[in-house]
Amino acid sequence: MDAELKNKLDNLTPEEKEQLTDALSSNFAEYGKGNTYKSDYKVVESQKLQIEYNSSDGFFYYLYPNGDGFRMNVPMGSIVNGKVEISMVGNAFISRYTQDGINVEVEGVNTYTSGIKQLNAATAANYNFYLESGRQTGDGPLVKARYKNRLSFLLADNTLPLHLSVLRAPYGYRIGRVTLNGNDLELTAYDNLELKDDGLYSATFVGAGSVQLPDYTVQFDRDTSAPYMIFSEDISQEIEDTVYFYPSESDAQVTVFINGHEISDKVDGASAGGNYTVVVSDRYDNTNKYDFTIKEKRTTSWPLYLFLILIALLTGIIIAGVSRRKLRVR
């Protein structure tokens, strides 16, 4: 705001401020009667989407009451092991989307005027996308409502385990069956299941409403346990000599530090005196850290040893010479 204008507004009397407020309200009321906006226009957040499945193209359709929406090759909100394809239906658009919480910029797309019309995802990550329909702009069409939804899916990598604590049913589905390492788990709810143990999961989801939806099954490996180190000595107390160590998992990443400095060479033991930190992690960043100390060794350098030996020899020679002189005097 202009400094001069702000100063004038601050110096208005209460009566003048009331008159200004009435005038502005009257202007806004007149503006609302124009052809651009309607008084019954509203924004609807998290509008329930109508779900349909088209068996001819194999896509799931998610639609707003006005017919706009999107189609997707897998159930929305699911864990996916392959590529995800999303395309808009009608005038709907994606205003923005994030990958692992980071906003993704789409080159050449003005999200305010047109938005993203298609989204293809092949990189393992958590995706959130923001769907909109009926956006009203100054030169746009008249609409009764503007719909906005935040939606998500998890694209998994078959070669990597998931760090998942809760399994949720996709939109329009309920949990039908879940197994862990081939054994059935008891279901306490049909929309989500708390995951407590690591292992290979298989989850089958079935349609939850009157719309006929195909069963959807996904498999994933859950790994939340970090590898650990096995030591040849008790590291809870100061170590006198050499200690050897190796990880519980052969493909684990082991990093060793001595006195805060990383040892670049791969080592499986330590003997030099100092403070050590050993960090072990797996490919999903499950990590354990160990600290221990090896006692500093007091060593005497070889020049000092040589000097002491020479002193001893000279002392011996002197003593021997003195002894011989005493014998001659007698």
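Residues numbered from 1 in each chain as written. Predicted model: local features only at pLDDT ≥ 70, side-chain atom pairs only at ≥ 80, totals over all residues. Heavy atoms only, no water.

Caption draft 1: Molecular detail of the overall build of the chain. Tallying secondary structure elements over the chain gives three helices and 24 strands in all. Among the 330 residues that make up the chain, the fraction classed as buried is 31%. In the chain, once contacts between residues fewer than 6 apart in sequence are set aside, the share between residues at least 24 apart is 55%. By element, 49% of the accessible surface of the chain is carried by carbon and sulfur atoms, the whole surface being about 21,600 Å². (Helix = DSSP H or I, 4+ residues; strand = E, 2+ residues; numbered from the N terminus. Buried < 20%, exposed > 50% of the residue type's maximum accessible area, 1.4 Å probe, protein only. Contact = heavy atoms within 4.5 Å. Areas by Shrake-Rupley, 256 points an atom, 1.4 Å probe, with all protein chains shown as cover.)

Caption draft 2: The packing of aromatic side chains, seen in detail. Taken as a whole, this structure holds 15 aromatic pairs when the rule is applied. Ring geometry for Phe 129 against Phe 153: centres 6.4 Å apart, planes inclined by 55°, an arrangement best described as tilted. Pair noted here: Phe 129 is in strand 10 (residues 125–133) and Phe 153 is in strand 11 (residues 145–155), with a separation of 24 residues, a long-range link. Assigned by exposure class, Phe 129 and Phe 153 land together as buried. Here the aromatic rings of Tyr 201 and Phe 220 are separated by 5.3 Å at their centres, their planes lie at 10°, and the arrangement is stacked. Taken as a pair, Tyr 201 in strand 16 (residues 199–207) and Phe 220 in strand 17 (residues 216–222) lie far apart in primary sequence, 19 residues in all. (Phe/Tyr/Trp six-rings, centres within 6.5 Å; stacked < 30°, edge-to-face > 60°.)

Caption draft 3: Molecular detail of the sheet that holds strand 21 (residues 261–262). Taken together, four strands build an open sheet; the order of strands is 21-20-23-24 and the sheet is antiparallel. Single-partner strands in this sheet number two, and they are strand 21 and strand 24 (287–294). Of the strand pairs in this sheet, strand 20 (residues 253–258) and strand 21 are connected by two bridges, and their pairing is antiparallel. Paired with Phe 257 across the bridge in strand 21 is Glu 262. (Pairing = 2+ DSSP bridges.)

Caption draft 4: Quick look at the pattern of salt bridges. Considering all chains together, one arrives at four salt bridges under this definition. Lys 295 is paired through a salt bridge with Glu 240; the nearest N and O atoms lie 3.9 Å apart. Residue Lys 295 is found in the loop between strand 24 and helix 3 (302–329), and its partner Glu 240 is found in the loop between strand 18 (229–231) and strand 19 (243–247); the two are separated by 55 residues along the sequence. According to the relative accessible area criterion, Lys 295 is partly exposed, its value standing at 35%. (Salt bridge = Lys/Arg side-chain N within 4 Å of Asp/Glu carboxyl O.)

Caption draft 5: Representation of the confidence of the model for the chain within the structure. Here the chain averages 80 in pLDDT, while 74% of its residues score no lower than 70. Summarising per-element confidence for the chain, the mean pLDDT is lowest in helix 2 (residues 14–31) (49) and highest in strand 14 (residues 183–184) (96). A low-confidence stretch, residues 24–39 (pLDDT under 50), is modelled with twelve contacts involving residues beyond four sequence positions or located in other chains. (pLDDT = per-residue confidence, 0-100.)

Caption draft 6: Local environment of unusual backbone geometry. In this model, Asp 100 sits at a positive phi of 55°, which is unusual for a non-glycine residue. Within the secondary structure, Asp 100 is located in the loop between strand 7 (93–99) and strand 8 (102–103). Judged by its relative accessible area of 48%, Asp 100 is partly exposed. With a phi close to 55°, Asn 181 is a non-glycine residue in the positive phi region. Within the secondary structure layout, Asn 181 lies in the loop between strand 13 (173–180) and strand 14. Accessibility expressed as a relative area gives 51% for Asn 181, which makes it exposed.

Caption draft 7: Just a nonpolar patch on the surface, in detail. A surface patch of nonpolar side chains, about 370 Å² in accessible area, is lined by Leu 306, Ile 309, Leu 310 and Leu 313. With respect to the element layout, Leu 310 can be found in helix 3. (Patch = residues over 30% accessible without salt bridge, like charges linked within 9 Å, V, L, I, M, F, W, Y side chains within 5 Å.)

Caption draft 8: The pairing of strand 19, seen in detail. Where strand 18 and strand 19 come together, three bridges link them in antiparallel fashion. Counterpart to Met 229 in the pairing with strand 19 is Pro 247. Sheet analysis places strand 19 next to strand 22 (residues 269–270), joined by two bridges and oriented antiparallel. Opposite Tyr 244, over in strand 22, you have Gly 269 as the bridge partner.

Caption draft 9: Region of interest: the sheet that holds strand 18. Spatially, three strands are ordered 18-19-22 in an open sheet, and the strand pairing comes out antiparallel. Sheet topology places strand 18 and strand 22 at the edges, where each strand pairs with a single neighbour.

Caption draft 10: A look at the environment of Ile 51. Checked against the element boundaries, Ile 51 lands in strand 2 (residues 50–54). The exposure class of Ile 51 is buried, given its relative accessible area of 10%. Setting aside chain neighbours within four positions, we find Ile 51 in contact with Tyr 61, Tyr 62, Tyr 171, Gly 172, Val 211 and Leu 213.

Caption draft 11: The pairing of strand 7, seen in detail. Of all seven residues in strand 7, five are buried, a share of seventy percent or more. In this structure, strand 7 lies alongside strand 10, joined through six bridges in antiparallel fashion. Each residue of the ladder has a partner; that of Ile 94, found in strand 10, is Leu 131. One ladder, built from two bridges, connects strand 7 with strand 8; its direction is antiparallel.

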